[in-house]
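Listed below, chain by chain, are the residues.
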Amino acid sequence: QLQLQESGPRLVKTSETLSLTCTVSGGSVSSSGYYWGWIRQPPGKGLEWIGNIYYGGNTYYNASLRSRVTISVDTSANQVSLKLSSVTAADTAVYYCASGDTGTVYSRIDYWGQGSLVTVSS
Amino acid sequence: DIQMTQSPSSLSASIGDRVTITCRASQSITTYLNWYQQKPGKAPNLLIFAASTLQSGVPSRFSGSGSGTDFTLTISSLKPEDFATYYCQQTYSTPPTFGGGTKVEFK
């Protein structure tokens, strides 16, 4: 059973880069059996997919964020990272690390971190 | 992007009620439709995938149906732990998009 735990600064200044790390336990980030991703939820609002990374390093990003976002894995630390540059108040949200099995026809999110509230403020 | 529209955005119900939530896609997504439950301060939890397949461990009072553009999540007899917000998600195409959510509140 995978467990995901987000960590990183909870307050980021406007125009700077938001950086979060997701530590994975119960599985390996270098496994071909899982994909890894990030989803965010502004306070009181709905869910927005940010992007995914797959075995071999292939990444897919939401077009609305593509110019500012990078998702990567650190196999030595068994972690997934998210970087979002040039942040504004609109990027204030709970950021979830997420994962799912790649061996299924119907993609879904099977595992979620507990979420990390990141506030962007000047 | 495929737009997902849920209705209603909120509803009030009592213990034991049958509750139905609908989700409409802006184009056909066949059965690439998931349902999640989210409780306050918690991450969402997968209930149903492929429109009608119950995730392991999810009570059988939850069911899903539909294909193409119109989908339904039904709770056959509402229990106290079911008061939450429910989201649909399409994974037919990238980006995978979510509905706006339906909050189920106590009447």
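The sections below set out a description of the structure shown in this document. Being a predicted model, the structure only gives us computed values, none of them experimental.

## What to know about the sheet that holds strand β1 (residues 4-7) of chain B
All names here are of chain B. Strand order across the open sheet formed by four strands is β1-β3-β8-β7, with antiparallel pairing between neighbours. Bordering the open sheet on either side are β1 and β7 (62-67), each of which pairs with just one other strand. Neighbour to neighbour, the strand axes of the sheet diverge by 15° on average, direction disregarded. Where β1 meets strand β3 (residues 19-25), four bridges bridge the pair, whose relative direction is antiparallel.

## Some remarks on the nonpolar core
Counting 27 residues, the largest nonpolar core has Leu18, Val24, Trp36, Trp38, Val80, Leu82 and Tyr95 of chain A as the members making the most contacts within it. Listing elements by their share of this core, those giving two or more residues are β3 (18-25), β4 (34-41), β5 (48-53), β7 (69-74), β8 (79-84), β9 (93-101) and β11 (116-121) of chain A. Ranked by residue count, the leading element in this core is β3 of chain A, at four residues. Aside from chain neighbours lying at most four places away, what touches tryptophan 36 of chain A is Leu2, Leu4, Val24, Ser28, Val29, Gly51, Asn52, Ile53, Val73, Val80, Ala98 and Ser99 of chain A. In terms of nonpolar packing, the next biggest core, distinct from the first, is built from 25 residues, Ile21, Leu78, Ala84 and Val104 of chain B among them.

Cut-offs and rules
- Residues numbered from 1 in each chain as written.
- Chains lettered and ligands numbered in written order.
- Predicted model: local features only at pLDDT ≥ 70, side-chain atom pairs only at ≥ 80, totals over all residues.
- Heavy atoms only, no water.
- Pairing = 2+ DSSP bridges.
- Helix = DSSP H or I, 4+ residues; strand = E, 2+ residues; numbered from the N terminus.
- Axes fitted to C-alpha atoms, helices over the stretch in contact; angles between N-to-C directions.
- Core = buried A, V, L, I, M, F, W, Y, C linked by side-chain atoms within 4.5 Å.
- Buried < 20%, exposed > 50% of the residue type's maximum accessible area, 1.4 Å probe, protein only.
- Contact = heavy atoms within 4.5 Å.

The values are spatial; any link to function lies outside them.
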